[in-house]
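Below, each chain spelled out in residue letters.
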Amino acid sequence: MKKYLPALSIIICGLLTAVCFFKILDLENQVIALKQSNESNFASLHGKITSISANVQHELEQQSNLLSDSNYTYGTLDFKQRTVPLTCTVTPKSYSAKETIAILNVDNEQYPMKLQDGIFTATFDIPLFATASVNHVEFQTGETISTQSLDWYLSPAEEFLSDVNASFSGSSTSNRSNGICTKIYDGYVDIHMSQHTPDTIIQSLRLVETLDGKIIKTTDIPHDNIFEEITPETIDAMNTSAKYSDNFMFNLNTHKVKIPYGSTYEMYLEAVASNNLQYRCIVDCETIGSNGEPAKKAEYLFDHTSIYDENGKLLYAPEYKEID
């Protein structure tokens, strides 16, 4: 029996070592689980603290706000006059029906508001092809004057008119020889159109190319003029208030353009609607310097729509600054 004791001792020690090893693993798992639980609780607590801070800030703003409600709505577009009625309403928390006067400030112009059923209202026309800033409303009760900020920025053209965007997707190469830069496009023009009503018809769609402002080529683009209704989920994802959209591509493979040194080449999409408005969106623009090298581009123009009348007069252009 004694001769087996060393072997038994080794086996017992091995078993005890295995038990200890599994106990250690179990303790490590418990420590990891506890750490994860603490991190989760800390994140939850941090979120609640942040939420409390935001809620307190919101409550403070609500308490200091003179209004219980405020809103604005557009009326029916007068396309012939190119104006849109705008109705602004504010509901003050306290006022005197006999004494309180409300004045709306819009782009530093003042509009008196009428009181009815506790709501002050002002209705006036704003230009279709312009922006408007409703800055604040001022209340006067006797000698007491108080002001409530509104900060509404309005762009009626974006709310009532179609939007046409186009951009080039693909690659291009350039070769220079004998004072000429030859640019070759290999890709397609990605076209997106959206509108607020299904009855606006795009009568024509074409790709226009110019050299130093003069048209050198136009290419008609086939279009079925079928707009699909945008779902509410897609409206949020697209960040648009439009209700109908159409998307398609126009092939521009191995499209070759010759640009003399010291000249500017421009490619833009032009869509003419049934109301005779012309929508133009720059697809590409390239200025070649006298040394044959490309000049800096004005990227701000790309993928934004400008609107012209039937005589080519500019009516609306996005307010973007040039970026070298």
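Shown above is the structure to which this text applies.
Rules and cut-offs
- Residues numbered from 1 in each chain as written.
- Predicted model: local features only at pLDDT ≥ 70, side-chain atom pairs only at ≥ 80, totals over all residues.
- Heavy atoms only, no water.
- Helix = DSSP H or I, 4+ residues; strand = E, 2+ residues; numbered from the N terminus.
- Buried < 20%, exposed > 50% of the residue type's maximum accessible area, 1.4 Å probe, protein only.
- Pairing = 2+ DSSP bridges.
- Axes fitted to C-alpha atoms, helices over the stretch in contact; angles between N-to-C directions.
- Phe/Tyr/Trp six-rings, centres within 6.5 Å; stacked < 30°, edge-to-face > 60°.
- Lys NZ or Arg CZ within 6 Å of the ring centre and 35° of its normal.

Caption draft 1: Focus on unusual backbone geometry. Positive phi, close to 65 degrees, is recorded for N108, a residue that is not glycine. Mapped onto the elements, N108 comes out in the loop between β3 (101-106) and β4 (109-116). On the basis of relative accessible area, N108 is assigned to the exposed category, the value being 67%. Look at T254: it is not a glycine, yet its phi comes out positive at around 50 degrees. Along the chain, T254 falls in the loop between β13 (244-251) and β14 (255-260).

Caption draft 2: Seen up close, the sheet that holds strand β15 (residues 264-273). One open sheet accounts for 6 strands, arranged β11-β10-β15-β16-β17-β18; its pairing is antiparallel. The open sheet is flanked by β11 (214-220) and β18 (314-316), the only strands paired with a single partner. In this sheet, neighbouring strand axes are inclined to one another by 35 degrees on average, regardless of whether the strands run parallel or antiparallel. Of the pairings in the sheet, the one linking strand β10 (residues 202-211) to β11 comprises 6 bridges and is antiparallel in character. Across the sheet, R206 pairs through a bridge with D220, a residue of β11.

Caption draft 3: Local environment of the packing of aromatic side chains. Counting across every chain of the model gives 7 aromatic pairs. Ring centres 6.1 Å apart and planes at 80 degrees place the aromatic pair Y72 and Y74 in the edge-to-face group. Arranged with centres 5.9 Å apart and planes meeting at 65 degrees, the rings of F120 and F139 form a pair that is edge-to-face. Residue F120 is located in strand β5 (residues 119-127), and its partner F139 is located in strand β6 (residues 132-141); the two are separated by 19 residues in the primary sequence. Judged by relative accessible area, which is 1%, F120 ranks as buried. Grouping aromatic residues by their ring pairs yields a cluster made of Y72, Y74, W152 and F160. Sitting above the plane of the F79 ring, R82 keeps its charged end 5.8 Å from the centroid. Its end group placed over the ring of Y308, R280 keeps NZ or CZ at 4.0 Å from the ring centre.

On their own, these measurements won't tell you what the molecule is for.
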